[in-house]
Amino acid sequence: MEEEKVQLGEFEELVLLITAILHENAYGVKVLDEIEVQTGRKANISGVHTALDRLEKKGYLESYLGGATAERGGRRKRFFKVTNLGIQVLEINHRVRNTLFSQIPDVLLQNK
Amino acid sequence: MKATPEPPKLALRLLQWFCKPWYVEVIEGDLYELFDREVEHSPKAARWKFTWNVIRFFRWRYIKDLDDFLPKSPFGMFKTYFKVSLRNMLKNKTQTIFNIMGLAIGIACCVIILTHVKHQTSFDKDIPQAEDIYRVTINGRGPYTPAQMVKYMKADYPEVLNGARLGGMGEVVIKQGDQYIKQPNVLMADSTFFDLFPNTFMRGEAKTALNGPNDVVLTESMAQKYFPNLDPIGEILDIDGQKCVVKAVVMDAPRTTTIPYQMIQSIPWEKWATTGNWTGNNFFSYLKLAPGADPKVLESKFPLFIEKYMGDEILKYNPQYSSYREFVQDNNQHTFVLIPMLDIHLHHPSLTLGNPGNYNNLIIFSLVALFILLLACINYVNMATAKSSLRAKEIGIRKVLGSVKSLIAQQFLVESFVITGLAIFIAVGLTLLVLPYFNMISQNQYEWADILNARNVGWYLIIWLMVGLLAGVYPASFLSSFKPIAALKGESRTGGNQKLRSSLVVLQFAISMFLMVATFIVYTQLRHMNSRQLGLDAEQVFVLSDADKLVGKMDRFKSMVMGNSNISNISFTSGYPSGFLADWGYHTNGENVVSVDPLNVFADPSVLDVWGLEIIEGRFFDPNMKSDSMTIVINEQLQEELGWKEPIGKVLSRGDGKDFRVIGVVKDFVTRSAKNHGSSLLIRWSSESTPYANYFASIKIKGNINEALNHIDKTWANVLPGYPMDGQFMDDSFQRLYDEERRFGKMFTGASVLAIIIACIGLFSLTAFILERKRKEIALRKVMGARVDQLFFGVSRYFVKLVLISAIVVIPASFYVGDFWLSSYVDRISLSSMIFLIPLLLMMIISLVTISYQTYRSAVKNPVDALKEE
């Protein structure tokens, strides 16, 4: 995977990271909650769904349906899992950020 | 146990309705979870939030598409067809652009003509009960009728509900302060006018609008012109010296009317208008019949009507008959014919008070537009079948995978519909772009709203369906009939039916060439008419209108005008060649009375010199002989009609006791357009005091034209200060007789250029295809030693042959049609072989130039490139 091929929106990246953190336990509401817990940001459930679907289409996530429970009006959950491609994308983004950040002149960081 | 609170049912139903089924469960689950969490704090807020969240899911991604709504429809399949079509179009970009542009040009022609046809066929349709309104004519042709006719028809026949006489519709001069303003389209009408032809009254009312002898009704724009920002009611308007009172203001007449008035004067109460002469025809008469009354029944009563009221007066002018019955028995037709108002604009152009329509031209241009569209469709069919080899594998594989013929045919139909749809959008754009030019040529005022309206959208849909089918059906049935194994092995009938394609190309050439020949014939005839031998000297003669305003000052004007060295002579007349000349009835005296209706020209003695006429027998008027005032000069044709061997000294009578002695014969000269036969004519002596005589002044110019015109202008302003001068050269006036032919020629030029462009587009892409298939052949020939010119010749031969075949088809057809068109002209060209040869050569050159670029390019290519690849 090359760096310039990564196509990821800001909110999408956040959702991808959260899904990775939740590992095997990520579904709509959970991701929504976790975003608020981790960042304090109040997202909308339809926005989360859209982002998850987009990421799946790009091949960074894959999904499967869980079993039915008595909760949620008996509806099944759709769980998301980060694919290898998704992991690569996260790594690339992480690396790029770090490389860029490390080049900021110290004087700027000290005098903030 | 307390029941678990449930989320709002309506929101759930909404979600299930719009959301794709696959997503519904998961989304519902998440919404339930959020709801359950919040319902404990506040059930109401939770319900609201649930609904709000449902609405937030109303996103493109989650909304059902047509597949989900109509799971059993073939829509999914059409989506695929659509995709495949777009991919194919993108793959062959040049061909696609050519196809779309060709169709767009053809459709644009149709859109313009449709707009034109719609406009031309909607004349007078907005008049209430227009189908019961009839125009009374004499023998179905003569537009003018006697003054008392309407009055007595209304009185004698119960089925005539109402009637109105109209008059004038000419130009008047309005005096405001010391300003004289020429005002066209001034109608005179009876007070019943608005009963037959209602209009919206901005000021005043219909009942009192035209009751008095000098009432005038203005249209809105005229009220604005003469009384800006004033209340015009009760104001005085000086029309041709009459003080008229403005009684009402109405809306401007619509564009689609045969009575395009700008002002209406009441018909005066003088003798000529109230009791009038039964043989003097001065009024346009309209009758409104009872709904459903048969005009034929009414017409059958007219002969008695004429005998009762007009018999005596007709006999006065035809003294050779002793009774009216005898006059009728001698095949003298004189009856009133009713023409439906709705037929006037297109079918009786001589009866309209506005710009006449032309039914034949409407049909011709509709056909031409259809032909051009047909050309474009042929291009599409040709290219679609020619390039079929490119699609053979696709079709083969589809068939192997289980597709049937009809499904593949659908694919190709969808393609033609997609292309036609795009072409329509471009066509509408093109139409809006060329609309100003079309307006200029055809003298119309079409606007964007005439092209883009709800009615036309319906037409666009019809065009879309028709053209899509016309272009798509053959390729679809041809391509879908490929045998799958043969197609996959590459031995299918690729390239299509060569014969069919050749004949379609022949048809294209034929249509283009036909239009070229037609254009050529129109222009040759125009040139012929412009260079006619007139028998008079029209070039240096300047004709002034309104010369009757000079009466009383004529001598002064004359001597002042002649005072300039650039002016050689001046003559006052009642009419002039190429302008309107009235025909008057005369008859011989004594036994064997002969009645004739020659054109009647009043002129003073100098007209012989000014118009450049030629006396072939006798003499012309002598200004020094007082006795010449009761003499006439006749032309050759009148002499022939009267059968006089020795005309000098013979006498013609007007039927009112006045006799005129013939003193000379003038050589025939042209007075009307080339559509008319030469006419018998006589010239009557006139002087300043002769009535009906001095409407025009012909001025003969020698030397510097500009200085002469300048001088005339100054003299006019000096003698008639403030009164606008109006004049034209006689040869320009002759040219103006052919304005319609000139427009016709321009429209045909446009049509042939478009047809040729489309045919060239087709030829260009067809050549590309043929050369593509012959690539290896050309390369091999070249390796074997063929020269470039030999190769070029080999390819061009095919097209030259097609041009020649189409010429064989076209020449007889265009000869026939051209001859028919020319048959309405008395003075016409004969169709020589040049008229057909020149377009044929032109077509040949155009087609060779079109194919030469690509042929040359492939002929000079390195043969190795074509041969090495496998």
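Parameters and conventions
Residues numbered from 1 in each chain as written. Chains lettered and ligands numbered in written order. Predicted model: local features only at pLDDT ≥ 70, side-chain atom pairs only at ≥ 80, totals over all residues. Helix = DSSP H or I, 4+ residues; strand = E, 2+ residues; numbered from the N terminus. Rg over C-alpha atoms; globule rule 2.2 N^0.38 Å. Buried ≥ 20, exposed ≤ 12 C-beta atoms within 10 Å, placed from the backbone. Contact = placed C-beta atoms within 7 Å. Nonpolar A, V, L, I, M, F, W, Y, C, P; charged D, E, K, R; others polar. Axes fitted to C-alpha atoms, helices over the stretch in contact; angles between N-to-C directions. Parallel < 35°, antiparallel > 145°, perpendicular 65-115°, else oblique. Core = buried A, V, L, I, M, F, W, Y, C linked by C-beta atoms within 7 Å. Arc of directions from axis to C-beta. Pairing = 2+ DSSP bridges. pLDDT = per-residue confidence, 0-100. Left-handed = near helix turned anticlockwise from the far one by under 90°.

(A) The arrangement of the overall build of chain B in detail. Along its length, chain B carries 32 helices and 23 strands. Against the compact-globule benchmark of 29 Å for 870 residues, chain B has a radius of gyration of 38 Å, which places it well outside the compact range. C-alpha atoms of chain B, sized along the principal axes, occupy 120 × 100 × 60 Å. The buried share among the 870 residues of chain B stands at 36%. Sequence separation of 24 or more characterises 81% of the internal contacts of chain B that already satisfy a separation of 6 or more.

(B) The overall build of chain A, seen in detail. From N to C terminus, chain A includes 5 helices and 2 strands. For chain A, the sequential pattern of α-helices and β-strands runs α-α-α-β-β-α-α. Against the globule reference of 13 Å for 112 residues, chain A gives a C-alpha radius of gyration of 17 Å, more extended than a compact globule. Dimensions of chain A, computed from the C-alpha atoms along their principal axes, are close to 60 × 30 × 20 Å. Going through the 112 residues of chain A one by one, you find that 26% of them count as buried. In chain A, once contacts between residues fewer than 6 apart in sequence are set aside, the share between residues at least 24 apart is 49%.

(C) The arrangement of the interface of chain B and chain A in detail. Residue-level contacts link 14 residues of chain B with 15 residues of chain A. It is helix 2 (residues 21-39) of chain B that provides the largest number of residues to the side of chain B that touches chain A, a total of 9 residues. For the side of chain B that touches chain A, the per-class residue count stands at 5 nonpolar, 2 polar and 7 charged.

(D) Molecular detail of the packing of helix 16 (residues 359-386) of chain B against helix 28 (residues 739-773) of chain B. All names here are of chain B. At a closest axis distance of 9 Å, the pairing of helix 16 and helix 28 adopts a crossing angle of 5 degrees. Viewed along their axes, helix 16 and helix 28 adopt a mutual orientation that is roughly parallel. Residues Asn 361, Phe 365, Val 368, Phe 371, Ile 372, Leu 375, Ala 376, Ile 378, Asn 379, Asn 382, Met 383 and Ala 386 of helix 16 form the contact with helix 28, whose own contacting residues are Phe 744, Met 747, Ala 751, Leu 754, Ala 755, Ile 758, Ala 759, Ile 761, Gly 762, Ser 765, Leu 766 and Phe 769. Among the residues making up the contact of helix 16 with helix 28, the classes are represented as 19 nonpolar, 5 polar and no charged.

(E) View of unusual backbone geometry. Residues and elements named next belong to chain B. A positive phi angle, close to 55 degrees, is found at Asn 139, a residue other than glycine. Along the chain, Asn 139 turns up in the loop between strand 1 (133-138) and strand 2 (145-146). The phi angle at Asp 546 is positive, at roughly 60 degrees, despite the residue not being glycine.

(F) Inspection of the nonpolar core at higher detail. Residue and element names in this part refer to chain B. Counting residues in each nonpolar core, the largest one holds 95 residues, and the members touching the most others are Ile 107, Cys 109, Ile 372, Met 513 and Ala 755. Excluding residues within four positions of it along the chain, Ile 107 makes contact with Leu 373, Ala 423, Ile 424, Ala 427, Ile 463 and Val 467. Listed in part, the 51 residues of the second largest apolar core include Ala 538, Leu 550, Leu 599 and Val 607.

(G) Quick look at helix 23 (residues 554-562) of chain B. All names here are of chain B. Along helix 23, the residues classified as buried are Met 554, Phe 557, Lys 558 and Val 561. Each buried residue of helix 23 lies within a common arc of 100 degrees when the element is viewed along its axis, so the set occupies one face. Those residues of helix 23 that are exposed and angled more than 90 degrees off the buried face are Asp 555 and Ser 559. As for helix 23, its buried residues are in contact with strand 13 (567-573), strand 22 (696-701) and helix 26 (705-719).

(H) Spatial organisation of the environment of Phe 542 of chain B. All names here are of chain B. Its location among the elements puts Phe 542 in strand 12 (residues 541-544). A count of 21 C-beta atoms within 10 Å places Phe 542 in the buried class. Each C-alpha atom, one on Phe 542 and one on Val 216, is 34 Å from the other, the two residues being 326 residues apart in sequence. With residues up to four places along the chain from it excluded, the contact list for Phe 542 reads Ile 699, Ile 701, Leu 709, Ile 712, Gly 727 and Phe 729.

(I) Focus on the pairing of strand 13 of chain B. Residues and elements named next belong to chain B. Buried residues dominate strand 13, accounting for 5 of its 7 residues. In terms of strand pairing, strand 13 meets strand 22 through 6 bridges, oriented antiparallel. Looking at strand 22, one finds that Phe 572 is bridged to Ala 697.

(J) Just the confidence of the model for chain B, in detail. Per-residue pLDDT for chain B averages 88, and the proportion of residues at 70 or more is 98%. What the predictor reports for the complex is a pTM of 0.78 with an ipTM of 0.88.

(K) Region of interest: the packing of helix 1 (residues 10-22) of chain A against helix 4 (residues 84-102) of chain A. Residue and element names in this part refer to chain A. Here helix 1 crosses helix 4 at 115 degrees, and the two axes come no closer than 11 Å. Crossing angle aside, the handedness with which helix 1 passes helix 4 is left-handed. Contact with helix 1, carried on its side by Glu 13, Leu 16, Leu 17 and Ala 20, involves Gly 86, Leu 90 and Asn 93 of helix 4 and no other residues of that element. Considered class by class, the residues forming the contact of helix 1 with helix 4 number 4 nonpolar, 2 polar and 1 charged.

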